[in-house]
Amino acid sequence: MTTMTTTPATRAKITPAGPAARPRFRSLRHAVVLAKRNLIKITRTPEQLIDVTLQPIIFLLLFTYVFGGALGGGSQHEYLEFLLPGLLGQTIAMSSISIGQNMNGDIAKGVFDRFRSLPIARSAPLVGSVLAEFFRYLLLCVIMIGFGYVLGFRIATNPLALLAAIGVAICFALSFAWVSVWVGMKVRTPGAVQGVMFLLVLPLSFGSNTFVRASTMPGWLQAFVNVNPISHLVSAVRGLMLGGPVAAPIGWTFAWVAGMLLVFFPLALRAYIRRT
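None of the values given here were measured: they were computed from a predicted structure.

Undergrad: Would you mind going over the nonpolar core with me for this structure?
TA: In a soluble, globular protein the nonpolar side chains are often hidden away together inside. Membership of the largest hydrophobic core comes to 67 residues, with the highest contact counts inside it found for Ile 92, Phe 172, Val 181, Met 197 and Met 241. Sort the elements by how many residues they give to this core and helix H9 (residues 159-186) lands first, with 15 residues.

Right, here's the structure in full:
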C-alpha cells in the first residue's frame, strides 16, 4: 500500500480554483446571468420599452413645436439646440422609474423567493436588474439624438465629446436607478412606486435648467436649480454636445453619482433582504 505525499505544488493543484475561490467574480457572474434574464423578459414584452422609445420622441416634438416658439424667443431651431441635451438628462432620469415598478411586481409574483432559494449572492438580483437597465438607457440616448438630428439638431463639438455625454448620462441614470429600486422595495404596489418616484422626479426635472435658463427664474428658485443634480447633469451634457465649460458640471455629476451609490445601494439591499 502506497501513500501519497503532498507538497505545496500538489496542494496548489488540488485546491479549488475558479468561481468557488473567487466569490466576488462569482457574484458578478450571477448578476450578469440575471441581467440577461431581464433582457430576455424585455424582448418578450416590448411594451416595456415605451418610456425609452416613444416617450423621448413625444417629449421632443411637444416641447420643440408647442413651447419652442415662446420659450426659444421665436426660433424653434435654436430652442431645439438648447432643449435636446437637457431633455436627454431629464428623460433618462424619468426612465429609471420603471425598474422599481418591475422589481416590486416581481416580488409580488414570488420571483425573488425563487432567487433566494438559489446558491447566489443576495445582491445579484438587484445588481443584475440595474445592469440590464444600461441597454435601455443606451437605446434612449440613441433614439433621442437620432430623432433630434432628423429635426435639425447638430453636435457642435465632436464625436468623442458626444460619447462622453452619453456616458455621463448613463452613469447618472444607473446610480439614480438605485433610488427607484429602494422605493420599489419599500412600498407595496407598482403603482405606488410610480407615484412616489414622480413626486421626486418632476420637481427635480422642472426645477432645473432643462427647459429654460436658470437666469430667467426668481432668485429663490435659482438657488434650488444651482444645487439640483439634474441641473448638473444637464449642464455637463449640454457642454459636451454644444461646447462650453464642462469640468465643474461633470465633477458635480459624478459627486452625485457617488453619493447616490453610497446611500441608496446599501438601503436597497437592506430593504430587499428584509422584504424577501
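From this point on, the discussion continues.
Undergrad: Is there a simple way to think about the packing of aromatic side chains in this case?
TA: For any two aromatic rings, the description comes down to two numbers: the centre-to-centre distance and the angle of the planes. Scanning the entire structure with this criterion turns up ten aromatic pairs. Between Phe 134 and Phe 135 the ring centres are 5.3 Å apart and the planes differ by 85°, which places this aromatic pair in the edge-to-face class. Summarising the aromatic geometry, the rings of Phe 172 and Phe 176 are spaced 6.0 Å apart at their centres and angled 10° between planes, so their arrangement reads as stacked. With Phe 172 and Phe 176 both in helix H9 and four residues apart, this pair spans about one turn of that helix. As far as the burial class goes, Phe 172 and Phe 176 line up, both buried. Members of the aromatic cluster, joined through ring pairs, are Phe 59, Phe 63, Phe 67, Phe 206 and Phe 211. Here the basic side chain of Arg 238 rests over the ring of Phe 82, its NZ or CZ set 3.8 Å away from the ring centre.

Undergrad: Is there a simple way to think about the pattern of salt bridges in this case?
TA: In a structure, side chains of opposite charge can pair up when their charged atoms sit close to one another. Following the criterion strictly, the structure yields four salt bridges and no others. Here Arg 37 and Asp 106 are joined by a salt bridge, their closest N and O atoms 3.6 Å apart. Pair noted here: Arg 37 is in helix H2 (residues 23-44) and Asp 106 is in helix H6 (residues 97-109), with a separation of 69 residues, a long-range link. Of the residues examined, Arg 37 reaches a relative accessible area of 27% and is grouped as partly exposed. A residue is classified by how much of its surface remains accessible, and Asp 106, at 6% relative accessible area, is buried. Of the charged contacts, one joins Asp 51 and Arg 136 as a salt bridge, the two residues approaching to 2.6 Å between their closest N and O atoms. Here Arg 136 lies in helix H8 (residues 124-151) and Asp 51 lies in helix H3 (residues 50-65), a separation of 85 residues in the sequence. Connected through salt bridges with shared partners, the residues Arg 37, Lys 41 and Asp 106 form a single ionic network.

Conventions used here
Residues numbered from 1 in each chain as written. Predicted model: local features only at pLDDT ≥ 70, side-chain atom pairs only at ≥ 80, totals over all residues. Heavy atoms only, no water. Core = buried A, V, L, I, M, F, W, Y, C linked by side-chain atoms within 4.5 Å. Buried < 20%, exposed > 50% of the residue type's maximum accessible area, 1.4 Å probe, protein only. Helix = DSSP H or I, 4+ residues; strand = E, 2+ residues; numbered from the N terminus. Phe/Tyr/Trp six-rings, centres within 6.5 Å; stacked < 30°, edge-to-face > 60°. Lys NZ or Arg CZ within 6 Å of the ring centre and 35° of its normal. Salt bridge = Lys/Arg side-chain N within 4 Å of Asp/Glu carboxyl O.

Honestly, it's all geometry; don't read function into it.
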